[in-house]
Protein chains: 4
Amino acid sequence: MPVPTHIFDPPFNIVRVSHVVLEVTDLAASRAFYETVVGLRVTDADAGTVYLRGVEERQHHSLVLRKADGPACRRIGFRLGHEADLDAAAAFFAQRGLPHAFVEVPFQGRTLHASDPFGLPLELVAGMERRPSSLQRYADYQGVRPQRLDHVNVFAPEVQASLDFYAALGFRLTEYAEEDGPDGRIAAGWMHRKGNVHDLAFTNGRGPRLHHLCYWTPTALDIIHLCDVMATSGYLPNMERGPGRHGISNAFFLYIRDPDGHRIELYTSDYQTMDPDHEPLRWSLRDPRRQTLWGAPAPKTWFEEGSLFAGQDLRDPAFVADVIVAS
Amino acid sequence: MPVPTHIFDPPFNIVRVSHVVLEVTDLAASRAFYETVVGLRVTDADAGTVYLRGVEERQHHSLVLRKADGPACRRIGFRLGHEADLDAAAAFFAQRGLPHAFVEVPFQGRTLHASDPFGLPLELVAGMERRPSSLQRYADYQGVRPQRLDHVNVFAPEVQASLDFYAALGFRLTEYAEEDGPDGRIAAGWMHRKGNVHDLAFTNGRGPRLHHLCYWTPTALDIIHLCDVMATSGYLPNMERGPGRHGISNAFFLYIRDPDGHRIELYTSDYQTMDPDHEPLRWSLRDPRRQTLWGAPAPKTWFEEGSLFAGQDLRDPAFVADVIVAS
Amino acid sequence: MPVPTHIFDPPFNIVRVSHVVLEVTDLAASRAFYETVVGLRVTDADAGTVYLRGVEERQHHSLVLRKADGPACRRIGFRLGHEADLDAAAAFFAQRGLPHAFVEVPFQGRTLHASDPFGLPLELVAGMERRPSSLQRYADYQGVRPQRLDHVNVFAPEVQASLDFYAALGFRLTEYAEEDGPDGRIAAGWMHRKGNVHDLAFTNGRGPRLHHLCYWTPTALDIIHLCDVMATSGYLPNMERGPGRHGISNAFFLYIRDPDGHRIELYTSDYQTMDPDHEPLRWSLRDPRRQTLWGAPAPKTWFEEGSLFAGQDLRDPAFVADVIVAS
Amino acid sequence: MPVPTHIFDPPFNIVRVSHVVLEVTDLAASRAFYETVVGLRVTDADAGTVYLRGVEERQHHSLVLRKADGPACRRIGFRLGHEADLDAAAAFFAQRGLPHAFVEVPFQGRTLHASDPFGLPLELVAGMERRPSSLQRYADYQGVRPQRLDHVNVFAPEVQASLDFYAALGFRLTEYAEEDGPDGRIAAGWMHRKGNVHDLAFTNGRGPRLHHLCYWTPTALDIIHLCDVMATSGYLPNMERGPGRHGISNAFFLYIRDPDGHRIELYTSDYQTMDPDHEPLRWSLRDPRRQTLWGAPAPKTWFEEGSLFAGQDLRDPAFVADVIVAS
């Protein structure tokens, strides 16, 4: 299948993935998980919402937890370059007949809500309130010392079409997993705007659903420490997969589940990708090192479970690819 | 079941586990594995034998590979305090009617071969030729940077009796796994002479067989690097279990298999145990964090496979304990 | 003094710093240093030139060593976005009456040589031959495991004017050191194109001279290992400063000198900077944590010595700022 | 000068260094330093005393802080094997006419206070109250994650005589620094009982004074984190030397000063020494890598400052050796 060709001069400038809004059922339990166990910093909180950010982040929040009756992912946020990009984005979604509206969101600048053609709820901003970085407040470090939101991964029923859509918005493919053979279909793709392996990835599956959001950590030892902390403080059932090394992205990783089952990846040590002639790496679906360089298959839950996007219906994937699952 | 009580004034002084003699079928393949992949240093080699040691070790060898028709563990070596301890040891084995004989072994001082009551072939020395430590030859470091032989773990058909025998030789129990209930039997025990968690461990199972030998490494990152090296240089099938954190011993670990299937553990960060009133830790067999703090069960091979001791018949274990195995 | 304001729509698109060309007096000694000690990979070599790259780099070279009668830095290379940017760059330098010429360089695409107004010799390319990344050839890792060229730092007699010139080319200031007081002058500035702390930095001093080039490493432990290797394999005199943590950039660092005295930094763990509203951090020249968070001053050589640019005359700095130097 | 020969069958059995009693002027400030910054755990505290231990330690305390009018080291504690060793020790000190007395100390078993011939105030115990290890309470880890007291280092006016005295108590020399030449005198010696590089070291100097006490940490990255924490939370002036790699012991180290100036070392990765034929390593006083493998000299304060032992007069050293000091 054709590898999508990204546009160098997109209709509006997306700088990077910016934040994620999650709906959670027990705000106190979720705050404890993200603040104490994971180690994010709470910027602000009220009765229904907690705003968090990584230790290097100067933006007000990269994760918003909102109290709700059931768990869901509300929005995936992207940072645009400038105010004019917001207007260009509104025009783009209007031209394609896609839902979009400017809304007021606390702590954020002018904010555009929009949906992509596949039902992914987006939240576009050109800025939000800034806070001092906590990077050199080392005495406050805890948990896995999460530095910044790195990327979001989504279950997509139509992977190829999703990749094509975001390529037309300037996202560039860095790695992809494909069936073998002349008609092999792409089963997953990793795309970036900010210059590392990805801001946004699509995995073939029933969706749209959020597969995970990911924070970057300084070293593998921080991730090992998080394993030790979780296993000995009541969070053993929240450890889902890893630690390990991805073949794809080369990152050292761990997947955990928050109290509502939202999946979080901790991740470090991928690579630079900003050269315009940077070529995507192809992985065969038959190569088990794609998912874990060290060969251990992922558990079934990792392949099957994800967070609903609030208000979105699910569709079955366009095809079912063979994958290797831990029995 | 009774926890064995060690003797403070044993009949002869065992300082620590000293070395292991393995029989291998392809000496070149085994040397490449231990020297290049694991990173041990070759002290000497001839047509039939390769002698290796860890980077800090000043003794001539802690691992001996001998060409043979089939794989086996030939001997487990222990370091005694002084020459007089060798004679006391010979007297001890004589008094109990156990096989023993003084033999000549290259690069070693006076050497006593003996068998324990359960068929474990021992090789006792009060010294061997010394070589300079390579600890500060950093430019020569490779693989997992193995510092020193740490311990040996054996499948024992009679765990309780084995623990009792070695307790009478001054080995002290630091941790053990036991069935629950008033008649719970000990299924595994870890015993030391040198002041950390163990020199010698016994695991309930068909035996006697060598479960694994273990080298100490500086940090968990060295073990992660070994995973990356093995997975990308043709040794993926030799990776058996981990990396992970043991509940027992608190060590960060990895288990690998050499070209003949002999199992090697890489291990770091356990704790001190030399206080005479140091109390052993009990683990319930029902606690999965015992084997892996992070909860992942060990694969079936890890429970079932081991190296024969050359010339020893196997016996079934005294009982079969329930354990949790990865399916 | 005014903090320079970068241009969002520069006359041509510089993607990142790309490579450095050094002149060395003993090619074999320099190759041994960079290949064996530092751990760069040799892509190609002939009688007069060695081409090297970091383990993740897919471009043919990020460091070129050329045999010469005396040590010098020949060129600092930048990667442009596309071929058209090369022509726009040529027009830009022509319009300003600055030296420029298209030249043939092995393994590189069309190459533009140019000088900035301060005598910095630049080499601009829109691409070079590509090679497979060695990122997952872990068995070949050695030295400090350098991943990629990160930045170049230059002694500039006219820091403010240099920052202004590169801001007009789209470089964005992330941190700067300034005299205190209303007329405080900027003594050093760090500027980026690729989205981390810098591609190019200017330090007030006699120049133009190369202060150092820097490779990114995976973790601080790799840098500590390089210290151990150098100290025990004859390279102790080549260790100049560190390891330590910079206040500026938050990076863990080490400075070493190659056989000709060219200075190399090894560096890890800075932060993201690609948001258009990312504000530069100001450091007072009186704050010793600016250079080393842990307080240790840099040695005198670090402040005074640098590599000449071949064929360039030196000028004294516009002013002399007080700095804290190890006596 | 003669290297001291240790006794294999000493008059009483010292297992290891056990604890240190420090007098401090501001108990709250000292507790904050050791508990929050260093990361020791407080076992008990009252108006005048705080008892702390490392995360793996099962004994009630390895550091006791006592409120006093001026700073001093009150006692260096050693753990004996059994109750009978306490009586043998009392007899030993009586026979030599050295001060000794059995005293009551909270949380400790029968306790013998004694002075060595050089005025070092000792506190000998055969046990103290035990507490659960915190090794697997990972969520409580903080600071440098200190695992256990490792050793104590003392300024001795008579180094050779001190080494000889403790050799007669079974301490074994592992490394020593000596003047060159046929009459070269030993300027420092490292001695152990527990099987690693040292429990007790003597450094030539005005004394007796405590040079430092040392806690073992899991990895070098924990020590780097402590540097970052101290430098950014008001403890920059308390950082005295390092981090670095000792030539002697091969340990990665950091020296810090507590609020009263008592010196603490954090230390990891030395080596095993329990073999009876383990030979001590000699370092020339002229080899700068002895103190720091990477060549950086120690600051003057490190050579000159130490904690008084309460009530002890100072004596000048028997000789003054040339050492290399940072100017």
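Our structure is the block above this text.
All of the points below concern the structure found in this document. (Residues numbered from 1 in each chain as written. Chains lettered and ligands numbered in written order. Predicted model: local features only at pLDDT ≥ 70, side-chain atom pairs only at ≥ 80, totals over all residues. Heavy atoms only, no water.)

This part takes up the interface of chain D and chain C. Facing 17 residues of chain D, the contacting portion of chain C comprises 17 residues. For the pair chain D and chain C, the summed buried surface comes to about 1,500 Å²; carbon and sulfur atoms form 69% of the total. Counting the surface chain D buries against chain C, the share from its top three residues, D:Ile224, D:Asp228 and D:Trp294, is 35%. For the pair chain D and chain C, the number of links is 2 salt bridges. With a closest N to O distance of 2.6 Å, D:Asp228 and C:Arg245 form a salt bridge. (Contact = heavy atoms within 4.5 Å. Buried area = accessible area lost by both parts, 1.4 Å probe. Salt bridge = Lys/Arg side-chain N within 4 Å of Asp/Glu carboxyl O.)

Across the contact, 34 residues belong to chain D and 34 residues belong to chain B. Buried surface at the junction of chain D and chain B, both sides included, amounts to about 3,100 Å², of which 45% is carbon and sulfur. Considering only the surface of chain D that becomes buried against chain B, D:Arg58, D:Gln136 and D:Gln272 emerge as the three largest contributors, covering 20% of it. Taken together, the links from chain D to chain B amount to 10 salt bridges. Linking D:Arg130 and B:Asp277 is a salt bridge whose minimum nitrogen-to-oxygen distance equals 4.0 Å. When its residues are assigned to classes, the side of chain D that touches chain B shows 10 nonpolar, 12 polar and 12 charged. (Nonpolar A, V, L, I, M, F, W, Y, C, P; charged D, E, K, R; others polar.)

Next up on the list: helix α4 (residues 220–231) of chain A. Residues and elements named next belong to chain A. Over its 12 residues, α4 extends 17 Å from the first C-alpha to the last, a length consistent with the 16 Å expected when each residue adds 1.5 Å. Of all the 12 residues making up α4, 12 are buried; the element is thus mostly covered by neighbouring parts of the structure. All buried positions along α4 are accounted for by Ala220, Leu221, Asp222, Ile223, Ile224, His225, Leu226, Cys227, Asp228, Val229, Met230 and Ala231. The opening residue of α4 is Thr219, an N-cap whose side-chain oxygen sits 3.2 Å from the backbone nitrogen of Leu221. (Helix = DSSP H or I, 4+ residues; strand = E, 2+ residues; numbered from the N terminus. Expected span 1.5 Å × (residues − 1). Buried < 20%, exposed > 50% of the residue type's maximum accessible area, 1.4 Å probe, protein only. Polar contact = N/O pair within 3.5 Å; in protein donor to acceptor, adjacent residues only side chain to side chain.)

Where α4(A) meets helix α4 (residues 220–231) of chain B, the axes come as close as 10 Å, and the angle between the chain directions of the two elements is 105°. Relative to α4(B), α4(A) is oriented roughly perpendicular. Packed against α4(A), whose contacting residues are A:Ala220, A:Leu221 and A:Ile224, the element α4(B) presents B:Ala220, B:Leu221 and B:Ile224 at the interface. Broken down by class, the residue content of the contact of α4(A) with α4(B) amounts to 6 nonpolar, no polar and no charged. (Axes fitted to C-alpha atoms, helices over the stretch in contact; angles between N-to-C directions. Parallel < 35°, antiparallel > 145°, perpendicular 65-115°, else oblique.)

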